[in-house]
Amino acid sequence: MNLAHRWLCNSNRWRQVVGQFALPWTLEGMDLGTEVLEIGPGYGAVTDLLMGRVPHLTCVEIHEGMAEDLRRRTAGGNVTVLCEDATRTSLPPDEFDSAVCFTMLHHIPSPQLQDKLLREVLRVLRPGGVFAGTDSREGRGFRFLHWFDTLTVVDPATFAQRLAAAGFEQAQVDVNPYAFRFRARKPIHDAAKC
């Protein structure tokens, strides 16, 4: 992330936006379960809010410095922080009741890697587990914030199809003028058919 982007994502203003708008809108009516995975926590604005709402939270952050800061800040609590690439984690399959990611998909350098992340999330979710998140919509301010930064905009109009192609079902995408939210479930397979 560039300097302006890092400043914004680590600001009290961003924490307010996450707490008042992004998190409540994205998780509206959801039960996250006991074991929750957060992908790309960055500076931990969402982590700070989730850790008080769920029994155990595992965070996967690719940036070593951010992962270490978050690990240090949450030590002794119900949070496990892994410094790994979320497109290919060391996590076991069928481990989590839910997975979430907030405004981070656009930081993944290509649509192909974004789709690989979707498949990895599917792998680590338990059958029936839910994947939910939000990301920003295309706009001049959004592009300006990512000047000399990684930006692979996710089109909300096609994201439900991408979730389905990764293996999810019941994919739903809702938009507002600035962002979109999504939810999808890992299928529950009939054991008798296997």
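Just above sits the structure.
A quick note: this is a predicted structure, and the numbers were derived from the prediction, not measured.

When helices and strands are tallied, the protein chain shows seven helices and seven strands. Overall, the protein chain shows an N-to-C arrangement of helices and strands of α-α-β-α-β-α-β-β-α-β-α-α-β-β. Counted over contacts in the protein chain with a minimum sequence separation of 6, partners at least 24 positions apart contribute 66%. Total accessible area on the protein chain stands at roughly 10100 Å², and carbon and sulfur atoms take up 55% of it.

This next bit is on the pattern of salt bridges. In total, this model carries 11 salt bridges according to the counting rule given. Across the pair arginine 71 and glutamate 68 runs a salt bridge whose closest N-O atoms are separated by 2.7 Å. In this pair, arginine 71 and glutamate 68 both sit in helix α4 (residues 64-74), three residues apart, roughly one turn of the helix. Given the relative accessible area of 32%, arginine 71 is considered partly exposed. For glutamate 68, a relative accessible area of 33% gives the class partly exposed. If you follow the salt bridges from partner to partner, you end up with Glu68, Asp69, Arg71 and Arg72 in one network.

The next point concerns helix α5 (residues 111-124). Across its 14 residues, α5 extends 20 Å between first and last C-alpha, which sits within 8% of the 20 Å expected from 1.5 Å per residue. Inspection of α5 places Gln114, Leu117, Leu118, Glu120, Val121, Leu122 and Val124 among the buried residues, and these make up the whole buried set. Looking at the buried side of α5, the elements it contacts are β1 (35-39), β4 (96-102), β5 (125-136) and α7 (156-166).

Rules used throughout
Residues numbered from 1 in each chain as written. Predicted model: local features only at pLDDT ≥ 70, side-chain atom pairs only at ≥ 80, totals over all residues. Heavy atoms only, no water. Helix = DSSP H or I, 4+ residues; strand = E, 2+ residues; numbered from the N terminus. Contact = heavy atoms within 4.5 Å. Areas by Shrake-Rupley, 256 points an atom, 1.4 Å probe, with all protein chains shown as cover. Salt bridge = Lys/Arg side-chain N within 4 Å of Asp/Glu carboxyl O. Buried < 20%, exposed > 50% of the residue type's maximum accessible area, 1.4 Å probe, protein only. Expected span 1.5 Å × (residues − 1).

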